[in-house]
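Spelled out from the first residue to the last, the chains are:
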Amino acid sequence: NFVEALVKTTIRLESVLSAYGAKFVCSPFREPLSRYLNRHCAGTVGFFLEEHRLSNPMYNDLFFDILNRDDSSSLRQYLGGKECTVMLLNVCFERPLAIIRSEKQSPTTKAGSTHLNAYGINQWYSPTAQRKLEIARQAIEMKKKILSAKQQEEAKSKKSLQSKGGDKKSSDYQAALKVHQGVREAYERAKKEVEDAKNSYARQISTAFQRDSKQRTMNTSAMELQTQGFRLVGVLTKLDPQYLSQHNDVVRAMRWLWRSRGRHYRLLHEEEMPPRYHNESLLLSRFLVS
């Protein structure tokens, strides 16, 4: 079939509509595309449920628009089937469920603040942490200015000392030497403070983006796939109120996610999460209540 070719062509055509002065409330290409995709359900679902496409707004927005169209009933029915449900769970919730299973196998695993990044939480994302980094940057700039002033003072004192280089035992030379040594020491201290400030800032940045290579974490890609999984389940339950009652594996996955340590920590640390992922607990509660 021509699912991939038609979808990509549609996206390209829609991207240039405005360049030709076209004024459409809706794309004129989506209706014929949805009719074709509705006839080739297996190819359509297989195409859109690829991780790199489902996490890409260019593709997932088109997919959800197609799913919500009246002429996509066969596609929705196919997506709500047993085979596609397993595919949905594997693609969208594989990472968080894998983390939950690993926690059950190792219940003594610590999940303190140093391991929050395993659950997709970056403490340096919060406004407080960003302000701390900004203060550190400003401190470096201020120390650089002080260093520059000390360097100029050191150069002046060195020039003054050289001008009195006739008799090194004279009182004038000794006084100039003492001044130069004091200025030189102040310059070295300022230089060390700049280096220390830079190293401290580098350590903070390194801490902000470090990841435990031995553990599979809820990175941004995994969080995005989970969010798109919630969207898919939401569409299917809206169009078929019996969807969840007919798919116990989906309900079981939602219960696991609700009870998970990761969801609990993400709720407690919302400030340190991108706003896009703040509604995780709300969506899960709606699914479980329904």
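Residues numbered from 1 in each chain as written. Predicted model: local features only at pLDDT ≥ 70, side-chain atom pairs only at ≥ 80, totals over all residues. Heavy atoms only, no water.

Engineer: Would you mind going over the overall build of the protein chain with me for this structure?
Structural biologist: Scanning the protein chain from N- to C-terminus turns up 15 helices and zero strands. Counting all 290 residues of the protein chain, 39% fall into the buried class. When contacts within the protein chain are restricted to residue pairs at least 6 apart in sequence, long-range pairs at least 24 apart make up 75% of them. For the protein chain, the exposed surface amounts to about 17,400 Å²; the carbon and sulfur share of it is 52%. (Helix = DSSP H or I, 4+ residues; strand = E, 2+ residues; numbered from the N terminus. Buried < 20%, exposed > 50% of the residue type's maximum accessible area, 1.4 Å probe, protein only. Contact = heavy atoms within 4.5 Å. Areas by Shrake-Rupley, 256 points an atom, 1.4 Å probe, with all protein chains shown as cover.)

Engineer: Looking at this structure, I do not really get the pattern of salt bridges. What am I missing?
Structural biologist: The tally for this structure, following the rule as stated, stands at 14 salt bridges. Residues arginine 137 and glutamate 134 are paired through a salt bridge, measuring 2.6 Å at the closest nitrogen-oxygen approach. Separated by three residues within a single helix, arginine 137 and glutamate 134 lie in helix α9 (residues 127-163), roughly one turn from each other. The salt bridge involving lysine 143 is made with glutamate 193; its shortest N-O contact spans 4.0 Å. Here lysine 143, found in helix α9, pairs with glutamate 193, found in helix α10 (residues 171-209); they are 50 residues apart in sequence, far enough to count as distant. Note on lysine 143: relative accessible area 24%, which makes it partly exposed. (Salt bridge = Lys/Arg side-chain N within 4 Å of Asp/Glu carboxyl O.)

Engineer: Just to check I follow, could you spell out helix α3 (residues 41-48) for this structure?
Structural biologist: Count 3.6 residues to each turn of an α-helix, and residues three or four apart come out pointing the same way. Within α3 the residues assigned to the buried category are Cys41, Thr44, Val45, Phe47 and Phe48. Viewed end-on, α3 has its buried residues packed into an arc of 160 degrees, placing them on one side of the element. Where α3 is buried, its residues meet α1 (3-15), α2 (30-39), α4 (51-54), α5 (57-67), α6 (73-79) and α7 (82-92). (Arc of directions from axis to C-beta.)

Engineer: Would you take a moment to explain a positive patch on the surface for this structure?
Structural biologist: Together, Lys82, Arg101, Lys104, Arg252, Arg255 and Arg259 make up a positively charged patch on the protein surface. At the level of secondary structure, the elements contributing two or more residues to the positive patch comprise α8 (94-105) and α13 (248-259). With three residues, the top contributor of residues to the positive patch is α13. (Patch = residues over 30% accessible without salt bridge, like charges linked within 9 Å, V, L, I, M, F, W, Y side chains within 5 Å. Lys, Arg positive; Asp, Glu negative; His and termini not counted. Charge placed at Lys NZ, Arg CZ, Asp CG, Glu CD.)

Engineer: How do you make sense of the packing of helix α14 (residues 261-268) against helix α15 (residues 280-289) when you look at a structure like this?
Structural biologist: The relative placement of two packed helices is expressed as an angle between their axes plus a distance between the axes. Following both chains from N to C, one finds α14 and α15 inclined at 130 degrees, their axes separated by 9 Å at the closest point. In terms of orientation, α14 lies oblique with respect to α15. Here Arg263, Arg266 and Leu267 of α14 lie close against α15, whose contacting residues are Glu280, Ser281 and Leu284. Within the contact of α14 with α15, the residues separate by chemical class into two nonpolar, one polar and three charged. (Axes fitted to C-alpha atoms, helices over the stretch in contact; angles between N-to-C directions. Parallel < 35°, antiparallel > 145°, perpendicular 65-115°, else oblique. Nonpolar A, V, L, I, M, F, W, Y, C, P; charged D, E, K, R; others polar.)

Engineer: Got a minute to help me understand the side chain of threonine 44 in this structure?
Structural biologist: Looking at where threonine 44 falls in the secondary structure, it is placed in helix α3. For threonine 44, a relative accessible area of 0% gives the class buried. At a separation of 2.7 Å, a polar atom in the side chain of threonine 44 contacts the main-chain carbonyl oxygen of histidine 40. With near-sequence residues (within four places) excluded, threonine 44 lies in contact with Val3, Leu37, Phe63 and Leu75. (Polar contact = N/O pair within 3.5 Å; in protein donor to acceptor, adjacent residues only side chain to side chain.)

Engineer: I keep staring at the confidence of the model for the protein chain and nothing clicks. Help me out?
Structural biologist: Detailed reading of the predicted model is not advised wherever pLDDT is low. A residue-level look at the protein chain finds 89% of positions with pLDDT of 70 or above and a mean pLDDT of 87. For the protein chain, per-element mean pLDDT is lowest for α10, which scores 85, and highest for α3, which scores 96. (pLDDT = per-residue confidence, 0-100.)

Engineer: Help me understand the nonpolar core in this model?
Structural biologist: If you look at soluble globular proteins, the nonpolar side chains tend to sit buried side by side. Formed by 44 residues in total, the largest nonpolar core has its most connected members in Val7, Leu79, Phe93, Leu232 and Met254. Residues Ile99, Tyr119, Met223 and Tyr277 belong to the second largest nonpolar core, which totals nine residues. (Core = buried A, V, L, I, M, F, W, Y, C linked by side-chain atoms within 4.5 Å.)

Engineer: What am I meant to see in the packing of aromatic side chains here?
Structural biologist: Two descriptors summarise a pair of aromatic rings, namely the distance from one centre to the other and the angle between the planes of the rings. Within this structure, the stated rule accounts for seven aromatic pairs. Measuring from centroid to centroid gives 4.6 Å for phenylalanine 48 and phenylalanine 63, while their planes differ by 10 degrees, and the two rings are stacked. With a gap of 15 residues between them, phenylalanine 48 in helix α3 and phenylalanine 63 in helix α5 connect regions that are remote in the sequence. Looking at phenylalanine 48, the relative accessible area reads 1%, which means it is buried. Here the aromatic residues Phe47, Phe48, Tyr59, Phe63 and Phe64 are joined through ring pairs into a cluster of three or more. We note lysine 104 situated over the ring of tryptophan 256; from NZ or CZ to the ring centre the distance is 3.8 Å. Just above the ring of phenylalanine 64 sits the side chain of arginine 231; from NZ or CZ to the centre is 3.9 Å. (Phe/Tyr/Trp six-rings, centres within 6.5 Å; stacked < 30°, edge-to-face > 60°. Lys NZ or Arg CZ within 6 Å of the ring centre and 35° of its normal.)

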